[in-house]
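Coordinate inspection notes
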Amino acid sequence: MINISTWRKWLWCFVLLLGSAMTLAGPIFTITDVTVERVSETPTLTFASTTKSVVVNGVLANPAKSSIKADPGVITYKSSKPDIASVDAKGYVTGHLLGTATITATQAAALPAYLAGSASYVVTVVDALTATQVLAAQTQSSGDTVNFIPVTSSGGIGVRSYSISPALANGLSINATTGAISGTARGTLVATTYTVTVKDSATPTPHTASKTFSLTINDALTAIQSIAAQTQTSGDSVSFTPVTSSGGTGAHSYSISPALANDLNLNTTTGAISGTATGT
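Residues numbered from 1 in each chain as written. Predicted model: local features only at pLDDT ≥ 70, side-chain atom pairs only at ≥ 80, totals over all residues. Heavy atoms only, no water.

As for the overall build of the protein chain
Looking only at helices and strands, the protein chain has one helix and 23 strands in total. In the protein chain, which comprises 280 residues, the share counted as buried stands at 28%. For the protein chain, the share of sequence-separated contacts (at least 6 apart) that also reach a separation of at least 24 residues comes to 56%. Surface exposure of the protein chain reaches about 17600 Å², of which carbon and sulfur atoms provide 57%. (Helix = DSSP H or I, 4+ residues; strand = E, 2+ residues; numbered from the N terminus. Buried < 20%, exposed > 50% of the residue type's maximum accessible area, 1.4 Å probe, protein only. Contact = heavy atoms within 4.5 Å. Areas by Shrake-Rupley, 256 points an atom, 1.4 Å probe, with all protein chains shown as cover.)

Details of the pairing of strand 14 (residues 161-165)
Residues Tyr162 and Ile164 line the buried face of strand 14, whereas the alternating positions Ser161, Ser163 and Ser165 sit on a face that is not buried. The pairing of strand 14 with strand 17 (residues 189-199) spans five bridges and is antiparallel. The residue of strand 17 that forms the bridge with serine 161 is lysine 199. (Pairing = 2+ DSSP bridges.)

Observations regarding the side chain of asparagine 170
The topology assignment puts asparagine 170 in the loop between strand 14 and strand 15 (172-174). Here asparagine 170 falls in the buried class, since its relative accessible area comes to 18%. Within polar-contact distance, the side chain of asparagine 170 engages the backbone oxygen of arginine 186 at 2.9 Å. If sequence neighbours within four positions are ignored, asparagine 170 has contacts with Thr184, Ala185, Arg186, Gly187, Thr188, Leu189 and Ile217. (Polar contact = N/O pair within 3.5 Å; in protein donor to acceptor, adjacent residues only side chain to side chain.)

If you want it as structure tokens, here you go:
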């Protein structure tokens, strides 16, 4: 059994010896000031595009991405004008009325790892893309210089472009920028229905709209000499058609030069010359 009194004596001696050693040898260690600082990162939020457009009743997917890769925390979204453009919890924007709105994404803080961060972009709501039929049908003749626009467009996002199906032939082509069809018509074409499609430059999926028109190409207008010479006698009742026609576009009409005299007349619809010849 350890005697308590003896144990205390030995402990007291140890303390005295330790104090003496420290006095002789100097301090064994030194405690300096210690500063502890918290370093918190501020996340950077980015969007696929900082300026975007969406059509009325259309949806734009433009969610924010955080620079915090691990455990990025909750990102919430808010629209400055939800009546013009609203945004859901995933960052998808729906256009409602023409105008602009600011969409803001905010990432909540997760201390001590990182602070809160936010970013914004402006969204513009525009009219939906539409195609309008300007010409329902167009008839040309072989050899004609052709230039017409069958379908126009409005609305949509960015630059619009045009295409046609089936592909044009007969010397004609479509201008992808204006939608104009031009060229010099060749050959003939029975009435054919074409579809003109206009496409905007929305990303990732462009909007499209289409309208149709009919195109016909007739033979070139030709005049056929039926009678090379005609001799009549004063007093004769005259009726003959010296020239007939075929091909061309629309109704044919006739004229004559120099002007007829001797009481004879030209029928401008049929080309017939008639009357009662007088004089010589």
